[in-house]
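The primary structure of each chain is shown beneath.
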Amino acid sequence: MRTIPSPLYKKLKPVQLAAVIFLTVSGGPYGIEPLLFEVGNHAALLLLILVPLSWDIPTIFTVLELNSMMPVNGGYYQWVKRALGRRWALYEGWWTWLYTFVDLAIYPVLFVEYASFFFPGFEAYKIPVCLCIIWLCAGLNILGIIPVGKISLLLTAIVLIPFIILFIFVFSHHHPDHSFFPSMSLRGVGFSHISLGLYYVMWNFLGWDNTTTYAEEVDKPVRSYLISVATAFGLIFIIYFITIIAAQSSGIDYKTLNDEGFPALGKFVGGQWLGVIIAIGGMASTLGLFSAVLLSVSRVPKVMADDKLLSGKLSKLHPKYNTPYISIIVCSVVVSLLIVWSFKELIIIDVTLYGAALFLEFISLIVLRIKAPDEHRPFKIPLNIAGLILLLILPLGVYIVALSGALYDLGILPALFAIGILFTAEIVWQIIIWRTREASSA
């Protein structure tokens, strides 16, 4: 094991970790604009309440228990390896790598959309701008986790402040009547629209497990993750909720909101100045999300390479900054090839791939409760095996409904593509087996 030089190597503090988690999972409500257009007033808030309860809470509890039991770099990959073995660990790491490539491709595309508020026609320069963003963030990640944590704090503030101003502005100009809290119902909303609405909300609430891949780089990881995850979840839920309420109460046309995003909402309720700061927040959000997610996924290939499941070159650390710079560069190259896809298709592919990897973590939670029931877990879900199975049915149900809707009516090609590339994990495993046999017989 390589000795980490001091004082270059420092660990992430809880407040920095909370900012990184916020940006990894959310980055603010940017990207949730299509929700009201797809499902309308009555279903939007309902989905914003139901999805966190049924999709996020079980996920967060699972992540906190497994991370408290094994607070190591590689996070979910290491949990699955211990519970289910190297083959399923490869599946977990490979699927997560795939979905994160798709996820990362979304953020530079969104950056261009929000920048278009200032520069109409900016979309024509989408490819070169996206490539600049990708490689600037790659450079920041190579410098190490502390610069990412400090930048995340600044970007989180830039993201949150415009929406707090927006809500105050809307509230001060509208009477707090029933329009602030419309009755919540799915009545009259088509199945495909509910499915797509689920995809948008699920995407805006996913990534809790990604924040554990650098646990050894966090100061007092068990305690820090408990505090930081709770803080980030509260911030995310509140900012989504008040933003949707503000949009409902403003009277803006939902098609305009869908097409032009939250800067159009700011301009509609407060004028050009509010649209400007929300657009700036949108650009900050996409930069923060990209950098934070790249931080998490770049640690996974390294631990897989250490286990001889990927090329050993991916485990190489930077001589000065002690970061897996080869892994960061490889991730950035792949993402650079994906930025031509549409936002809607990327969302469907992203959530479909993520859900498959997430359920391996749920299974690992149950298996480790059986295999190591007495091992120390500073955080432990207060349920027995049967209770855990019932708890995990909730996110499974949400996932099946969303995927069924995509296959039924709205995004069959991206959904089928996502399902198809899940099988590439087995191809990679068979190649590893073949190469191992060739090496042993040589």
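In this text the structure is predicted, and so the values were computed from the model without any measurement. (Residues numbered from 1 in each chain as written. Predicted model: local features only at pLDDT ≥ 70, side-chain atom pairs only at ≥ 80, totals over all residues. Heavy atoms only, no water.)

Q: Let's hear about the overall build of the protein chain: which residues, and what values?
A: Helix and strand counts for the protein chain stand at 17 helices and zero strands. For the protein chain, the C-alpha radius of gyration of 21 Å lies close to 22 Å, the compact-globule estimate for 442 residues. Reported as C-alpha extents along the three principal axes, the dimensions of the protein chain are approximately 75 × 50 × 40 Å. Put simply, of all contacts in the protein chain between residues at least 6 apart along the chain, 82% involve residues at least 24 apart. (Helix = DSSP H or I, 4+ residues; strand = E, 2+ residues; numbered from the N terminus. Rg over C-alpha atoms; globule rule 2.2 N^0.38 Å. Contact = heavy atoms within 4.5 Å.)

Q: For unusual backbone geometry, give the residues involved together with the corresponding values.
A: One can expect most non-glycine residues to show negative phi and most peptide bonds to be in trans. Even without glycine at this site, Lys220 takes up a positive phi of about 45°. Positionally, Lys220 belongs in the loop between helix 7 (191–203) and helix 8 (221–250).

Q: How would you explain the packing of aromatic side chains if you had to name every residue and give the values?
A: Inspection of the entire model under this criterion finds 19 aromatic pairs. Measuring from centroid to centroid gives 4.7 Å for Trp88 and Tyr91, while their planes differ by 55°, and the two rings are tilted. A residue pair is termed a helical-turn pair when its members lie 3 or 4 positions apart in one helix, as Trp88 and Tyr91 do in helix 4 (residues 86–115) at three residues. A centroid spacing of 5.2 Å and a plane angle of 70° characterise the contact between Tyr91 and Trp95, whose relative ring orientation is edge-to-face. Within this pair, Tyr91 and its partner Trp95 are both found in helix 4, separated by four residues, close to a single helical turn. Each member of the pair Tyr91 and Trp95 is classed as buried. An aromatic cluster is present here, built from Tyr30, Tyr114, Phe163 and Phe262 joined pairwise through their rings. (Phe/Tyr/Trp six-rings, centres within 6.5 Å; stacked < 30°, edge-to-face > 60°. Buried < 20%, exposed > 50% of the residue type's maximum accessible area, 1.4 Å probe, protein only.)

Q: I'd like a description of the nonpolar core, backed by residues and values.
A: Core analysis: the largest hydrophobic core is formed by 158 residues, its most contacted members being Trp55 and Trp208. When residues in this core are grouped by element, the largest group, 20 residues, is from helix 4. Ignoring sequence-local partners within four residues, the contact set of Trp208 consists of Ile21, Val25, Asp56, Thr59, Ile60, Val63, Val229, Ala232, Phe233, Ile236 and Tyr354. (Core = buried A, V, L, I, M, F, W, Y, C linked by side-chain atoms within 4.5 Å.)

Q: Outline helix 3 (residues 76–84), supporting the account with residue identities and numerical values.
A: Residues Tyr76, Tyr77, Gln78, Trp79, Val80 and Ala83 constitute the buried set of helix 3. Looking one or two residues past helix 3, Gly85 carries a phi angle of roughly 100°, positive in sign.

Q: Quick one: what's the story with the confidence of the model for the protein chain, residue by residue and with numbers?
A: Overall, the prediction assigns the protein chain a mean pLDDT of 84, with 93% of residues at 70 or greater. The weakest mean pLDDT in the protein chain belongs to helix 12 (residues 299–306) at 74; the strongest belongs to helix 3 at 92. Scored below 50 in pLDDT, residues 1–9 makes ten contacts in the model with residues more than four places away or belonging to other chains. (pLDDT = per-residue confidence, 0-100.)

Q: Account for the pattern of salt bridges, naming residues and giving values.
A: A pair can form between side chains of opposite charge whenever their charged atoms are brought close. If you walk through the whole model with that rule in mind, you get six salt bridges. Residues Glu65 and Arg377 are paired through a salt bridge, measuring 3.3 Å at the closest nitrogen-oxygen approach. Of this pair, Glu65 sits in helix 2 (residues 34–69) while Arg377 sits in the loop between helix 14 (343–371) and helix 15 (385–410), and the two are 312 residues apart along the sequence. Per residue, the accessibility class of Glu65 equals that of Arg377, and both read buried. (Salt bridge = Lys/Arg side-chain N within 4 Å of Asp/Glu carboxyl O.)

Q: Go over the environment of Leu413, please, and point to the residues and values.
A: With respect to the element layout, Leu413 can be found in helix 16 (residues 412–422). For Leu413 and Ile348, which are 65 residues apart along the polypeptide, the C-alpha to C-alpha distance reads 9.7 Å.

Q: Pulling in residues and values, what's your account of the packing of helix 4 against helix 13 (residues 325–336)?
A: Relative orientation of the contacting elements helix 4 and helix 13 amounts to 60°, with a least axis distance of 9 Å. With respect to helix 13, the element helix 4 is oriented oblique. Seen from above, helix 4 lies across helix 13 with right-handed handedness. Contacts between helix 4 and helix 13 pair Trp97, Phe101, Leu104 and Ala105 from the former with Val330, Cys331, Val334 and Val335 from the latter. Within the contact of helix 4 with helix 13, the residues separate by chemical class into eight nonpolar, no polar and no charged. (Axes fitted to C-alpha atoms, helices over the stretch in contact; angles between N-to-C directions. Parallel < 35°, antiparallel > 145°, perpendicular 65-115°, else oblique. Left-handed = near helix turned anticlockwise from the far one by under 90°. Nonpolar A, V, L, I, M, F, W, Y, C, P; charged D, E, K, R; others polar.)

Q: Any details on a nonpolar patch on the surface? Residues and values, ideally.
A: A cluster of nonpolar residues, Ile127, Leu131, Trp135, Ile329, Val333 and Val340, forms a patch on the protein surface that exposes about 470 Å² of accessible area. Put simply, the parts of the chain that give the nonpolar patch at least two residues each are helix 5 (126–143) and helix 13. When residues of the nonpolar patch are assigned to their parent elements, the largest contribution, three residues, is made by helix 5. Here Val333 shows up in helix 13. (Patch = residues over 30% accessible without salt bridge, like charges linked within 9 Å, V, L, I, M, F, W, Y side chains within 5 Å. Areas by Shrake-Rupley, 256 points an atom, 1.4 Å probe, with all protein chains shown as cover.)

Q: Would you mind going over the side chain of His318 in detail, with residue names and values included?
A: With respect to the element layout, His318 can be found in the loop between helix 12 and helix 13. Residue His318 is classed as buried on the basis of its relative accessible area of 18%. Within the structure, the side chain of His318 is placed 3.0 Å from the backbone nitrogen of Lys320, a separation counted as a polar contact. (Polar contact = N/O pair within 3.5 Å; in protein donor to acceptor, adjacent residues only side chain to side chain.)

Q: Which residues make up the side chain of Ser224, and what values do they have?
A: Its place among the elements puts Ser224 in helix 8. Residue classification places Ser224 among the buried positions, given a relative accessible area of 1%. Those residues in contact with Ser224 that sit more than four places away from it in its chain are Pro14, Leu17, Val218 and Asp219.

Q: Report on the state of the cysteines, specifying residues and quantitative values.
A: Using the criterion set out here, one finds zero disulfides in the structure. Free of any disulfide, Cys132 has its nearest cysteine sulfur in Cys130, 9.4 Å distant. Classification of Cys132 by relative accessible area gives partly exposed; the value is 48%. Free cysteine: Cys137, not disulfide-bonded; nearest cysteine sulfur from Cys132 at 11 Å. (Disulfide = S-S within 2.5 Å.)

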